[in-house]
Structure formats: C-alpha cells, structure tokens
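An overview of the molecular structure
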Amino acid sequence: MPDPVAIPPELVERLRSAKSVAVLTGAGISAESGVPTFRDALTGHWARFNPEELATPEAFRKNPRQVWSWYADRRASLEGVEPNPGHFALAEIESRIPRFTLATQNVDGLHQRAGNRNVLELHGNITRTKCSTEGRIVPAWPVSDEIPPRCPHCRAFLRPDIVWFGEELPWDKLAAARDAALGCDLFLAVGTSAVVLPAAGLVDEALSAKACVVEINPNPTPYTGRVSFAFAQPSGVFLPALVRAAFP
Ligand code: BV8
C-alpha cells in the first residue's frame, strides 16, 4: 500500500546520500506529544500573560515566585509526556548519517529520550535548575515552603536552567549549531515559527551554505518561500514517512 505521505524522490536521494545533516527543532515537534507550543504554553490561568514577558530575567527579578511557579507548572505538565514518532524519526536519521547535529529550541528533553545523541539545547532544559547568582546547576535542595527555593550554597533564589529573552545563548552550543548549519548537505527546520533569534538564524546559515533546506510545519514561516522543500504537515506524520521512504 503506498505511503499516505508522498516524499519527492529528490529529497529521498538527498537524505540517503547525505554526509552531514543538521536539524533545528521548535515547539511544534513536541506538539504531538501533548506539549503546548511556546505561544500557547500559556494555557489555563497563565493565559493572561505574554510568554515573552514571563520568560525574562526582568520578570524573575520583579516576581520570582510567579516565574518559578510558571515553570513548575510547565515541568509538572511534562509528567507522563512521551516522545512522539517525529522525535523517534530524527533519532533514526541520526543513526543513518555520518555527521548529524540536532539543535533544539525546546526545553523538554524529548529528543534525548527518543534516542538522539548529538543534541544542542540552545535554550536550556526545564528539568534542570540553577543558582540565579552563581549559575551552577543545583540538582537538589532542602525542602522548603519558600518559592522560589534558595541555593544551598549561597542562599540566592534558584531558577530554571533556561535561556530567557534578553539572555545570551550558550556560546559553545550556538557555535556548534552554526558550524553544523554551514557544513551540512541537508538542513531540516522542524516545528518552529522561526522568529526567535539567534536560533532561527541557523536557517539563514544553511541557506547561505546552499544546503538543501526542508521546512516541516503546518503553518507558513518567514522562510517558507525560500527553502528547497516546504511540507505543511505535522512532523509526527511527515518525518516517519521520510524515514520509511529513505531507509525502507
Ligand atoms: C538574545 C526558553 C542577546 C524560554 C526561549 C527585539 C526586542 C527584544 C529582543 C529582541 C528583539 N529582536 C530580537 C530580539 C532577541 C530575542 C528574540 O528573538 N525575540 C523575538 C521574540 C523577536 N532573542 C533573545 O532574547 C535571545 N537572546 O538575543 O540575547 C544578547 C546578546 C548579548 C548579551 C545579552 C543578550 C534569547 C532567545 C531565547 C528565549 N527563550 N525559550 C521558555 O521556553 O520558557 S524562546 C521560545 O520561543 C522557544 O524556546 C523558541 O525558541 C521560541 C519560539 O518558539 P517555537 O519553538 O518556534 O515555538 P512557537 O510556538 O513559536 O512555534 C511553534 C511552531 O510549530 C509553529 O510555527 C507551528 O505552526 C508549528 N507546529 C505546531 N504543531 C506542529 C508544528 N510543526 C510541526 N508539527 C506539528 N505537529
């Protein structure tokens, strides 16, 4: 029976013969796992806030309790969430390609759980906590009613190990992602609105390097008209079909 998703033979050949693949993912790849995308992450009582105002150091300074609680709610909503077929397809592709780099804007850790190894978390990880003063990762702290809890070493507030708006990305991860985008044969932009910089700039880097650039997103983005292929499909449907076609 033919696959319900037709993959252009040129793309199948590109993936099969690729020596280096780079991927940028956004919240859309986790949508089919039930994780709200960033702009609809404000479900329920968070609906009245703008995420770009909550996910900032200023918001944390002004109201650390509110920002800590928003992330605590988002962490709790990740309980029981599993990687979906789109995540697993990217892990399969990594196992087939000599050089594979996955840069993600997501903070949910689902790519690693799906089996991807070379994952660059450009915006941190919601399950990691760090000291807001020392920056060190704090894996555990004494139980306390205080929200946010305090660093056991210096007593400053703890915060999520997340890159907020106005904060620099980890320069080593960004540099590695840029190198991968500039050196790849094939670049996949999956489930991202591609408006947040500097992460979205990776698509420009891949385009400038004349890579075959593929966008997978049910909605258009600023790059839709410039990429080699744009598939308005859910990544959980398209990516498994691409893997079936390229690696039967
Ligand atoms: C920096 C962690 C500089 C937090 C995030 C003007 C004023 C002020 C600042 C700026 C400005 N212009 C540019 C900036 C910089 C700013 C920025 O880009 N702002 C944007 C809003 C314009 N960037 C920064 O601040 C960055 N830092 O520039 O620092 C600097 C330099 C020196 C010294 C000091 C500072 C930091 C950016 C990182 C912010 N943190 N996340 C948290 O998660 O709580 S960003 C957050 O939103 C996400 O991580 C992600 O990166 C970003 C966008 O989200 P997406 O992942 O794309 O998700 P979104 O919901 O937008 O879209 C989902 C897509 O999926 C949709 O297109 C949808 O159609 C699609 N989809 C849905 N279902 C599916 C699907 N696709 C496939 N399959 C499906 N089933």
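All figures in this text were calculated on a predicted structure; none of them were measured in a lab.

Our focus in this paragraph is the overall build of the chain. Check the secondary structure of the chain and you find 10 helices and eight strands. The globule rule puts the C-alpha radius of gyration for 248 residues at 18 Å, and the 19 Å found for the chain is close to it. The principal-axis extents of the C-alpha atoms in the chain amount to approximately 60 × 35 × 30 Å. Out of the 248 residues in the chain, the part that is buried amounts to 51%. Across the chain, the fraction of contacts at a sequence separation of at least 24, relative to all contacts at a separation of at least 6, is 66%. Accessible surface computed for the chain: about 11,800 Å², of which carbon and sulfur atoms make up 54%. If the 25 positive side-chain charges of the chain are averaged to one point and the 27 negative ones to another, these points end up 3 Å apart.

Tracing the backbone shows glutamate 215 in strand 7 (residues 212-216). Of the side chains bearing the opposite charge, arginine 226 lies closest to the buried glutamate 215, which forms no salt bridge; the N-O distance is 9.5 Å. Of the polar contacts made by the side chain of glutamate 215, one reaches the side chain of threonine 221; its length is 2.3 Å. Of the polar contacts made by the side chain of glutamate 215, one reaches the side chain of threonine 224; its length is 2.7 Å. The contacts of glutamate 215, once residues within four sequence positions are left out, are Ala189, Thr221, Tyr223, Thr224, Val227, Phe229, Ala230 and Phe231.

Attention shifts here to helix 9 (residues 201-208). Because each turn of an α-helix spans 3.6 residues, side chains separated by three or four positions in sequence point in the same direction. Among all positions in helix 9, only Gly201, Leu202, Val203, Ala206 and Leu207 are buried. Buried residues belonging to helix 9 abut strand 1 (20-25), strand 2 (99-104), helix 8 (171-182), strand 6 (186-190) and strand 7.

Moving on to the sheet that holds strand 7. Read from one edge of the open sheet, six strands run 3-2-1-6-7-8, paired in parallel fashion. Across the chains shown, the open sheet's two edge strands, defined by having one partner strand only, are strand 3 (119-121) and strand 8 (229-231). Sheet twist, expressed as the average angle between the axes of neighbouring strands with direction ignored, equals 15°. Relative to strand 8, strand 7 runs parallel, the two being bridged by three bridges. Within strand 8, the position partnered with isoleucine 216 by the bridge is phenylalanine 231. Strands in contact with helix 6 (residues 85-96) are strand 1, strand 2 and strand 6; relative to strand 2, the strand with the most contacts, it is inclined by about 150°. Of the strands in this sheet, strand 1, strand 2, strand 3 and strand 6 are in contact with helix 8, which crosses strand 3 at around 130°.

In this approach the atoms are scanned with a rolling probe the size of a water molecule, which exposes any empty space left behind. Of the volumes computed, that of the second largest pocket is approximately 180 Å³. Surrounding the second largest pocket, 15 residues form its lining, Lys130, Val163, Glu168, Leu169 and Pro170 being those nearest its centre. Those elements that place two or more of their residues in the lining of the second largest pocket are strand 4 (124-131), strand 5 (158-162) and helix 8. Considered class by class, the residues forming the lining of the second largest pocket number five nonpolar, two polar and eight charged.

A word on the packing of helix 1 (residues 9-17) against helix 10 (residues 235-246). The N-to-C vectors of helix 1 and helix 10 enclose an angle of 75°; their axes lie 9 Å apart at closest approach. Our classification of the angle between helix 1 and helix 10 gives roughly perpendicular. Between helix 1 and helix 10, the contacting residues are Leu11, Val12, Leu15 and Arg16 on the first element and Phe238, Leu242, Ala245 and Ala246 on the second. Split by residue class, the contact of helix 1 with helix 10 holds seven nonpolar, no polar and one charged.

Further remarks concern the domain arrangement of the chain. Structurally, the chain comprises domain 1 (9-35 + 82-123 + 169-246) and domain 2 (44-77 + 132-162). Its C-alpha centre places domain 1 at a distance of 29 Å from the equivalent point of domain 2.

Parameters and conventions
Residues numbered from 1 in each chain as written. Predicted model: local features only at pLDDT ≥ 70, side-chain atom pairs only at ≥ 80, totals over all residues. Heavy atoms only, no water. Helix = DSSP H or I, 4+ residues; strand = E, 2+ residues; numbered from the N terminus. Rg over C-alpha atoms; globule rule 2.2 N^0.38 Å. Buried < 20%, exposed > 50% of the residue type's maximum accessible area, 1.4 Å probe, protein only. Contact = heavy atoms within 4.5 Å. Areas by Shrake-Rupley, 256 points an atom, 1.4 Å probe, with all protein chains shown as cover. Lys, Arg positive; Asp, Glu negative; His and termini not counted. Charge placed at Lys NZ, Arg CZ, Asp CG, Glu CD. Salt bridge = Lys/Arg side-chain N within 4 Å of Asp/Glu carboxyl O. Polar contact = N/O pair within 3.5 Å; in protein donor to acceptor, adjacent residues only side chain to side chain. Pairing = 2+ DSSP bridges. Axes fitted to C-alpha atoms, helices over the stretch in contact; angles between N-to-C directions. 1 Å grid on protein atoms, 1.4 Å probe; cavity = no way out; pocket = protein on both sides within 12 Å on 5 of 7 lines; lining within 4 Å. Points joined across faces, edges and corners; volume = space filled by probe spheres on them. Nonpolar A, V, L, I, M, F, W, Y, C, P; charged D, E, K, R; others polar. Parallel < 35°, antiparallel > 145°, perpendicular 65-115°, else oblique. Domains from an automatic or database assignment.

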